[in-house]
Amino acid sequence: MAERSFKKEVQHLRLGAGHTFTGEGILAITKALLENGVGYVGGYQGAPISHLMDVLADAEELLGELDVRFEANASEAAAAAMLAASVHYPIRGAVTFKGSVGVNVASDALANLSSSGVTGGALIIVGEDYGEGSSIMQERSHAFAMKSQFWLMDPRPNLPSIVASVQQGFELSEASNTPVMLMVRIRSCHVTGSFECRDNTRPSLPVKDAVANPRRDFNRVVLPPMSYQHEQDKINNRWPAAEKHIMDKGLNEIFGPATSEIGIVCQGGMYNGVIRALQRLGLADIYGQTEVPIYCLNVTYPLVQDEFSRFAEGKKGLLVIEEGQPEFIEQGLSTMLYRSQSPVQLHGKDIFPMAGEYTGQVMLDGITSFLKTHAPGLLPGQTRAPNQEAPEIPDLSQTVPIRPPGFCTGCPERPIFAAMKLVEQELGAHQVSGDIGCHIFACLPPFEIGGSTMGYGLGPASNGAFDGGGGKRAISFLGDGGFWHNGLSSSIGNMVYNKSDSVAVIVDNYYSAATGGQDVLSSRADNPTKSTNNPISKALKGIGVDWVRQIDHTYDVGRMRDVLREALTTDYNGPKVIVASSECMLNRRRREKPIRNTAIRDGARVEVPRFGIDEDICTGDHACIRLSGCPSLSLKTLDDPLRDDPIASIDQSCVGCGNCGEVADAAILCPSFYRADVVHNDTGLSAWWARTSRRIIAGLQARRRATRLEFVEVPQ
């Protein structure tokens, strides 16, 4: 079950010539793949490109009709290895995954692919996750393109340009026998627009026909002496072929006047921001007509010297707008100017910030600074458009508290770390490592458990140095998605092989939840096209883990606490693995809510649990909040003048998971939590009993009020 279903939208992928496609960037990419005769597609989900895998999964029927092979790969490395099909066969293939971290995982396969070269077009579509909307470390995919010498495209963020880049990427790959990386930024993935469709095209050589007629070419095997020849082939043949194709096909674009003393060089993905800044300065219009020449690099690697030299000719100053660091493009262009002994002054990171996202204000300030130096006459009387005065931004750092990310309301991972916190109160703090996934939120308040993450599925491996000694066992956490991605071999296998005495907790929430709720091998749902219901515990025992504890209800905080304590104190010397399983609450509610709403509409009796706090019992010590941190747990100030401190309160976002009550019970806090079931369409005996109970309770409350001693203020 993915976070979002595209069953309805994928029907638009059947549109042909004469129709207009309207939708998101990710859907447009899928349509472009089908129009350009792709033979196979694979990938691994990861923001901001997760939905592309969801779209492909929902479109499997159409892909089958077109003889397109689709595979949801186990990792980015598996996806990149899939492109081996284009090495010997003239088949167009595409894979997709998250930007820099996905390329990290896939780097071995990508390096070998680039060395051998390809016969068919090979396209790697990466979701570049950089800037203020990023969820990871701030790195760029550009370095990998340079390292392995495959070509990098960064198209302008509008649907016609993105769609065209898919075709251009395949053609560039085939013209230079080199894989091409198509970089799609966060905003490009979700930009909406329209473009004119073409008919979907079957692959010229379907993979099933290639299997029936196998090919071999010893010269493409990455082994000496062929690997030395591959390097020469890159420089002497593939690179010149790529440059020629880029120039002949006009993949990079030039906008604005033919002659000028200044110019701007920008990545294609930065084009919209550049035009908007120029528009605010009165130097461009909303249609992109600009008074400042722009050299738009839709191909950011390789840089084409002849093309750049023609653009720089006759200019006194150039501004390179390159988001991220190091400044690879600026360095390359500087070298070209230096070698040609050009007098042009090149600016970039001396004006723009070295790192960070180039937001609208950053873009405006940088371009304005450049124009003040090299073309002050182009600036209006003010350095801003009249209606764009810089607002005064107050310093809110002392007023608004930091709001770190955290677990969702009802998350089944929250009680795991509440139990861990209770264990540490007994046994003291332990060395804890985390992993990629929702469970890494445990390193933040209120749990503050764990302080490192080294990669997807590498949680236990990153604790390897702490195995043994010190009188305490190290403990690590990883999710079910990370376990199947890399953790089984690199972490658990590593523990078994090295006879580790540490503890690993596998947080099994039935899905690859952090990437959108896609199924994994151990998912409990029946998937018609994928193998699910493969227990993690069985895989653990299969590779030699003898001490395994399975917990199928993580909300039982007492049980979680006891098993964690056992793992940390047992005399057993060897790897100890706890599989803590409960369904992701977001996916559970997406699955159950439509069913429940339908039942209510049909008049069926439905009970919905809710939890509350008895105001008369709550002492206001807030220990429940410190041990849970649920977003639905908040504070409430009473009208009672004898109670100054606010008490705990549960708001309407409660999903009725029961975690807060379980934590209060396991920690021996207080009995102030209660459960109330909201009953829809109540009938019969239970309805009569509810009415009777309300009358009895109302009568008892009235009697108590009548006998209560009240003080009345007498006026002086």
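These remarks concern the structure in this document. (Residues numbered from 1 in each chain as written. Predicted model: local features only at pLDDT ≥ 70, side-chain atom pairs only at ≥ 80, totals over all residues. Heavy atoms only, no water.)

Here we come to the overall build of the chain. Regarding its fold elements, the chain presents 23 helices and 23 strands. Projected onto its principal axes, the C-alpha coordinates of the chain cover approximately 95 × 75 × 60 Å. For the chain, contacts bridging at least 24 residues in sequence account for 77% of all contacts bridging at least 6. Counting every atom, the chain has about 33,500 Å² of accessible surface; 52% of that belongs to carbon and sulfur. Distance between charge centres in the chain, computed from 67 positive and 81 negative side chains, equals 4 Å. (Helix = DSSP H or I, 4+ residues; strand = E, 2+ residues; numbered from the N terminus. Contact = heavy atoms within 4.5 Å. Areas by Shrake-Rupley, 256 points an atom, 1.4 Å probe, with all protein chains shown as cover. Lys, Arg positive; Asp, Glu negative; His and termini not counted. Charge placed at Lys NZ, Arg CZ, Asp CG, Glu CD.)

By secondary structure assignment, the location of K315 is in the loop between α13 (305–312) and β13 (317–321). For K315, a relative accessible area of 8% translates into the label buried. Distance from K315 to H245, taken between C-alpha atoms, is 26 Å for residues 70 residues apart in sequence. In this view, K315 contacts S260, E261, I262, G263, P293 and V344; residues no more than four positions away in its chain are not counted. Among the polar contacts made by the side chain of K315, one reaches the main-chain carbonyl oxygen of F311 at a distance of 2.7 Å. (Buried < 20%, exposed > 50% of the residue type's maximum accessible area, 1.4 Å probe, protein only. Polar contact = N/O pair within 3.5 Å; in protein donor to acceptor, adjacent residues only side chain to side chain.)

What follows deals with the sheet that holds strand β16 (residues 475–479). Strand order across the open sheet formed by 5 strands is β15-β16-β17-β19-β18, with parallel pairing between neighbours. At either margin of the open sheet sits one strand with a lone partner, and together these are β15 (432–433) and β18 (547–551). Against the sheet, helix α16 (residues 414–427) touches β15, β16, β17 (503–508) and β19 (576–581), its axis set at about 180 degrees to β16. Sheet strands touched by helix α17 (residues 480–497): β16, β17 and β19. Its angle to β16, the strand with the most contacts, is close to 145 degrees. (Pairing = 2+ DSSP bridges. Axes fitted to C-alpha atoms, helices over the stretch in contact; angles between N-to-C directions.)

Let us look at the state of the cysteines. What the rule picks out here adds up to 0 disulfides. You can see C296 has no disulfide; the closest cysteine sulfur is in C266, sitting 4.5 Å from it. (Disulfide = S-S within 2.5 Å.)

What follows concerns the sheet that holds strand β14 (residues 345–347). Here we have 5 strands laid out as an open sheet, ordered β9-β11-β10-β13-β14, and mixed in their pairing. Two strands lie at the open edges of the sheet, namely β9 (253–255) and β14, each paired on one side alone. Put simply, the sheet's adjacent strands are angled 20 degrees from each other on average, direction ignored. For strand β10 (residues 262–267) and β13, the ladder comprises 5 bridges, and the chain directions are parallel. The partner of G263 across the bridge, within β13, is L318. Each of β10, β11 (294–297), β13 and β14 is contacted by helix α14 (residues 328–339), which is oriented at about 175 degrees to β14, the strand it contacts most. Running over the sheet, helix α15 (residues 360–374) touches β10, β13 and β14 and is turned about 170 degrees from β13.

To continue, consider the environment of L63. Mapped onto the elements of the fold, L63 is located in helix α3 (residues 60–65). In this structure L63 touches L34, L56, V68 and F70, once residues within four positions along its chain are discounted.

Time to look at the nonpolar core. The nonpolar side chains of soluble globular proteins are, as a tendency, buried together. One finds L13, I29, L33, F97, L123, I125 and V166 to be the most contacted residues of the largest nonpolar core, which totals 73 residues. If one sorts the elements of this core by residue count, helix α1 (residues 25–35) sits on top with 7 residues. Two domains share this core, each providing at least three of its residues, namely domain 1 (7–248) and domain 2 (253–379). Excluding residues within four positions of it along the chain, V166 makes contact with I29, A32, L33, N36, L123 and L182. In this structure, I416, I551, V563 and A666 belong to the second largest nonpolar core, which totals 31 residues. (Core = buried A, V, L, I, M, F, W, Y, C linked by side-chain atoms within 4.5 Å. Domains from an automatic or database assignment.)

Turning our attention to α15. Helix length check: α15 (15 residues) gives 21 Å between terminal C-alpha atoms against 21 Å at 1.5 Å per residue, within 8%. Those residues of α15 that fall on the buried side of the exposure criterion are M363, L364, G366, I367, T368, F370, L371 and H374. (Expected span 1.5 Å × (residues − 1).)

A few words on unusual backbone geometry. For the peptide bond that leads from Q325 to P326, omega is 0 degrees, which places it in the cis range. Tracing the backbone through its elements, the reader meets P326 in the loop between β13 and α14. The omega torsion across P445 and P446 is 10 degrees, close enough to zero to call that bond cis.

In terms of burial, β17 is a largely internal element, 6 of the 6 residues being buried. Residues V503, V505 and V507 line one face of β17 and the alternating positions A504, I506 and D508 line the opposite face, and both faces are buried. Alignment of β16 against β17, held across 5 bridges, turns out to be parallel. Considered in β17, the bridge of G479 is made with V507.

Shape is all these values report; function is a separate question.
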